[in-house]
Each structure stands twice: as structure tokens, then as C-alpha cells.
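Reading the structure
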Amino acid sequence: PYNASKGYETTSGFIQRFLDNTQLYIGKRLYQIFGFMSPETTTTKGALIFLTIVFFVITLVVILRNKNHYMQFTMIYALVMMALTFTVLQKQWDQPRMVLVYVPYILMIMFYGIYYIVKSSPVQFLYLAFIGVFIFSSLITSSGKAIANIPLLKKNANGDLLYGYTEDWVNFLKMSSYCADSLPDNSYVVSRKAPMSFVYSKGKRFYPVYNVFSDNADTVLATFQREKVTHIIVASLRRNPKKIDGYTINTINRLLQPIATKYPLKLQLVKQIGESEPAYLYKINY
């Protein structure tokens, strides 16, 4: 998504991106985190966006009337940061973590608004009911995930650190461990998931690659040589973790394809781990 050779975003494109992300993160992801929507749902709810905006406007009026500077700052901070996030990110990311960091501020705003709306009315009990619904809904979602992960945690605690991973990840993490155990200490290996490689290799440093920074073989080679890269892990990590559909995270493949086409002898296969969803280790012969 950030490959400059493919062109640049336009003003209308940024506006559309903001609208698309608002729909994804407010109309789906936020309420999945709250526990009001299934984590598996792929649909967005326009009504939730409308209600959230209306509620924020009402709360903003309450905050301004009360001259609560702390809440003014909280709301401005949350709104500005979410606006920047929704504008900067491509909509294809669509991950809960992108809005999760703002949830504490959103909850503060929501609880504050509800409190001042009902505090002088005969239905003050609705405030406690509102908080109770949020807590209960979140507990149900969290408890379900925790229960599902308990068997995995037991296996992990007993020493099987790869139990619970799908085969694509098992092969990738085994390859990361192999790099630490079998390559020279001065080796520097490209990894699409460098932090995970770091953890499962017990602290070996990997060179992170998160995007296709060039489709030119010479540029890619020059970059790796400048960074003193010696090897590359090519994994078969699924794009959809829940099923094997033939689609994988192919960032590394797309970087290496021009090299393999123009300089096939510069990539030397060193190791393969796994059969159905293998991980490969290549050495770069500059």
C-alpha cells in the first residue's frame, strides 16, 4: 500500500479513506471490542456510527457547559488521534488494534456523557445499568476467548511453545529458531515478522521487512547489502489465519521475484522446513 512506484494518494482518496475507516472502526471494530458484535462479523452497522456521532456531540455540549478542561482535552485528543488514524491507514488493514488504543478515552467520554444526561432525572439507575451492560458484555467476550486459550496455555507452560499455532506459523517459527542455532553469529536474516522471529530464536536480531519497498532487483539487492543482510526467510503465512485458501502474506516473495528473474544465482536455498505450508531460508550471494 505504500509503494511509491504505484502512484500517490489524492485529496479525494484521503477523504474516501477516512470515510471507509470510520465505517470499519466505528461501525464494526469498536463495538466488537465492547462485546456487542461478534468478533467474526464482517458487516458494518451505519446506525452505530450515527448513534456514536450523536452521542459524542451531546457529550461535547455537556463538557463545554461544565467547562471541564480535563474532559475537553480527552475528547479533543481522542477525536484528533482517531481522525489521523483513519486518514493515514489504508482501509485494508481493518484490525481491532487500530482503534483499541482509544477505547479507554472513548469509555471515559461515554460514561461522563451518560452520567450528566441522567443525573438530574428520575432514571438515574440507568447510569449503573449502562455501565453494567458494558462490563457484562466485555466479560462474556473476554471469558470466551480465555476459556478457549486455557488448553493452549497449559501446553505452552509445559514446554510446547508452538502448540496452538497453525502449520504455517509452526514452520516459520521453527525456521527462525534454526537461524539462531545453525547460522553464524554475524548472520542477519530478513523476516516478515521480525519480532516473532526474535522471540522464538531467543533473542537473535532479524532485519524487518513490512512492505515492498521496490520492484527493482538492483535496488532491493543494494538495500540488503547496505544493511548487511545475509539471509532471507520466505514463509507461507496465511493471509486468512483461519483457513488455507492459497493466499499468503507475499511481501517477501514480491521483493525476491525480480531478483530471481534477473539474477537467479544470487539466491541460494539453504533450508526448507515443512511440506504443505513450508518456510524456506535463502542465502544472498552478492
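Conventions and cut-offs
Residues numbered from 1 in each chain as written. Predicted model: local features only at pLDDT ≥ 70, side-chain atom pairs only at ≥ 80, totals over all residues. Heavy atoms only, no water. 1 Å grid on protein atoms, 1.4 Å probe; cavity = no way out; pocket = protein on both sides within 12 Å on 5 of 7 lines; lining within 4 Å. Points joined across faces, edges and corners; volume = space filled by probe spheres on them. Helix = DSSP H or I, 4+ residues; strand = E, 2+ residues; numbered from the N terminus. Nonpolar A, V, L, I, M, F, W, Y, C, P; charged D, E, K, R; others polar. Pairing = 2+ DSSP bridges. Axes fitted to C-alpha atoms, helices over the stretch in contact; angles between N-to-C directions. Contact = heavy atoms within 4.5 Å. Left-handed = near helix turned anticlockwise from the far one by under 90°. Salt bridge = Lys/Arg side-chain N within 4 Å of Asp/Glu carboxyl O. Expected span 1.5 Å × (residues − 1). Buried < 20%, exposed > 50% of the residue type's maximum accessible area, 1.4 Å probe, protein only. Arc of directions from axis to C-beta. Core = buried A, V, L, I, M, F, W, Y, C linked by side-chain atoms within 4.5 Å. Parallel < 35°, antiparallel > 145°, perpendicular 65-115°, else oblique.

**Focus on the layout of surface pockets**
- Within this model, the largest pocket holds a volume of roughly 1500 Å³.
- Taken together, 39 residues form the lining of the largest pocket, with Q92, W93, Q95, R239 and I249 sitting closest to its centre.
- Of all the secondary structure elements, the ones that give two or more residues to the lining of the largest pocket are α1 (11-34), α4 (97-100), α6 (125-157), α7 (167-182) and α10 (251-262).
- When residues in the lining of the largest pocket are grouped by element, the largest group, four residues, is from α1.
- When the residues that make up the lining of the largest pocket are grouped by side-chain class, the tally is 13 nonpolar, 12 polar and 14 charged.
- Approximately 260 Å³ is the volume found for the second largest pocket.
- Every residue along the wall of the second largest pocket is listed here: F18, T22, I26, I49, T52, I53, F56, L79, M82, A83, F86 and I106.
- Secondary structure elements with two or more residues in the lining of the second largest pocket: α1, α2 (46-66) and α3 (69-88).
- A breakdown of the residues in the lining of the second largest pocket according to their chemical character gives 10 nonpolar, two polar and no charged.

**Remarks on the sheet that holds strand β5 (residues 279-284)**
- Taken in spatial order, the five strands of this open sheet run β2-β1-β3-β5-β4, and their pairing is mixed. The sheet terminates laterally at β2 (206-208) and β4 (267-273), the two strands that pair on one side only. With direction set aside, neighbouring strand axes in the sheet form an average angle of 30°.
- Bridging between β4 and β5 involves six bridges; their strand directions are antiparallel. By the bridge assignment, K271 is partnered in β5 with L281.
- The strands touched by α10 within the sheet are β1 (189-191), β3 (231-234) and β4, with β3 carrying the most contacts at an inclination of about 125°.

**Examining the packing of α2 against α3**
- Axis separation between α2 and α3 bottoms out at 9 Å; the angle between their running directions is 150°. Between α2 and α3 lies a crossing whose hand is left-handed. Contacts from F56, T59, L60, I63 and L64 in α2 reach M71, Q72, M75 and L79 in α3.

**Points about the pattern of salt bridges**
- Evaluated as defined, the whole model comprises seven salt bridges.
- Salt-bridge contacts for D20 lead to K91; the nearest nitrogen and oxygen are separated by 3.7 Å. Of this pair, D20 sits in helix α1 while K91 is found in the loop between α3 and α4, placing the two residues 71 residues apart along the sequence.
- Each of K28, R29 and D94 takes part in salt bridges that share partners, so that together they form one network.

**Points about α2**
- Taking 1.5 Å per residue as the helical rise, α2 with its 21 residues ought to reach 30 Å, and the 31 Å between its terminal C-alpha atoms agrees with that figure.
- Along α2, the residues that are buried comprise L48, I49, T52, F55, F56, T59, V62 and I63. For α2, the angular spread of buried residues about the axis comes to 150°, placing them on one side. Those residues of α2 that are exposed and angled more than 90 degrees off the buried face are A47, F50 and R65.
- Tucked into the core, α2 has its buried residues touching α1, α3 and α5 (103-118).

**Overview of the nonpolar core**
- With 32 residues, the main nonpolar core has Y25, L30, F34, M82 and I106 as its most contacted residues.
- Sorting the residues of this core by element identifies α1, α2, α3, α4, α5 and α6 as the ones contributing at least two each.
- If you tally residues by element for this core, the top one is α5, at seven residues.
- Once residues within four sequence positions are removed from consideration, M82 is found in contact with I26, V99, Y102 and I106.
- Y188, V209, F224 and I259 belong to the second-largest nonpolar core, a separate cluster that totals 18 residues.

**Re the packing of α1 against α3**
- At a closest axis distance of 7 Å, the pairing of α1 and α3 adopts a crossing angle of 115°. With respect to α3, the axis of α1 lies roughly perpendicular. Classified by chirality, the crossing of α3 by α1 is right-handed. Touching F14, R17, F18, N21, T22, Y25 and I26 of α1 are M82, A83, T85, F86, T87 and V88, all from α3.

**Details of the pairing of β5**
- In this sheet, β5 lies alongside β3 in antiparallel orientation, the contact comprising four bridges. Bridging from a neighbouring strand, I233 pairs with L281 of β5.
- The turn linking β4 back onto β5 is made up of five residues, and G274 within it adopts a positive phi angle of 95°.

These figures capture arrangement, not role.
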